[in-house]
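Spelled out, the chains give:
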Amino acid sequence: LESLDDEDDDDEEEEEEDDDADADGEEEEEDEEDEEEAAAKQEIMDQTETDLVNLRRTIYLTIQSSMQADEAAHKLLKLQTKDGQEKELLRMIIECGIQEKTYMKYYGVLAERFCKLKREHAEHFDELFAQYYATVHRLETNKLRNVAKIFAHLLHT
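Residues numbered from 1 in each chain as written. Predicted model: local features only at pLDDT ≥ 70, side-chain atom pairs only at ≥ 80, totals over all residues. Heavy atoms only, no water.

### Overview of the overall build of the protein
Spelled out, the test is: Where helices and strands are cited, they refer to DSSP runs of H or I of at least four residues and of E of at least two residues respectively, numbered from the N terminus. Under the scheme applied here, a residue whose accessible area is under 20% of the maximum for its type counts as buried, over 50% as exposed, and between as partly exposed, the area being computed with a 1.4 Å probe on protein chains only. Should any heavy atoms of two residues lie within 4.5 Å, those residues are counted as being in contact. Per-residue and other accessible areas follow the Shrake-Rupley method at a 1.4 Å probe size, with only the shown protein chains counted as cover for residues.
Within the protein one finds 7 helices and 0 strands. Its helices and strands taken in sequence order, the protein reads α-α-α-α-α-α-α from the N to the C terminus. Residue burial in the protein is summarised as follows: out of 157 residues, 25% are buried. Considering only residue pairs separated by 6 or more positions, the protein has 75% of its internal contacts joining residues 24 or more positions apart. With the model as given, the accessible surface of the protein reaches about 11800 Å², and the carbon-plus-sulfur share is 47%.

Set out below in structure tokens:
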């Protein structure tokens, strides 16, 4: 009789363990669902600045593909840049002008066009002037000449 009672007790323990295992399985499923929800809510931060590189490439290609400064200005305005990207657009105009072997009036006229469109652009060019003035000692002679002529054109107009 004792052996039958022991077997019954063993069977009851196994059933309890099975119930516990089922409860653990349900908890694991809930944990997995919570992790999936947390992952869905989590935002991915792109720190490679791919957007900035693509914007700069687009601006450069637009400037280089235009025949006249007015055409370039019109195409650049159609890009519909965001608030933080406007300053980068103006910086790229100057950067493109700096890279030329000799000064091209094209970049001065393009910068002038943006200054005349919005007062904010003129203020951004003021800030860029201060930045370039602070780092002018790092520029080569040719690049220094080009940046000076671009800003001289803006001051003249």
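### Some words on the packing of aromatic side chains
What counts here: Side-chain rings of Phe, Tyr and Trp, where Trp is taken by its six-membered ring, are said to pair if the distance between their centres is within 6.5 Å; with planes under 30 degrees apart they count as stacked, over 60 as edge-to-face, and otherwise as tilted.
Summed over all chains, the structure comprises 4 aromatic pairs. With a centroid separation of 5.1 Å and 90° between ring planes, the pair formed by Tyr 106 and Tyr 107 is classed as edge-to-face. Here Tyr 107 falls in the buried class, since its relative accessible area comes to 2%.

### Some thoughts on the side chain of Asn 146
The following threshold applies: Think of a polar contact as two N or O atoms within 3.5 Å of one another; within protein, one of them needs to be a possible hydrogen donor and the other a possible acceptor, and neighboring residues in sequence only count if both atoms come from side chains.
With respect to the element layout, Asn 146 can be found in helix 7 (residues 141-156). At a separation of 3.3 Å, a polar atom in the side chain of Asn 146 contacts the main-chain carbonyl oxygen of Ile 98. Within the local environment of Asn 146, its side chain forms a polar contact with the backbone oxygen of Glu 100, the two atoms lying 2.8 Å apart. If we skip the residues at most four places from it in the chain, Asn 146 touches Gly 97, Ile 98, Glu 100, Lys 101, Thr 102 and Tyr 103.

In short, geometric facts, not functional conclusions.
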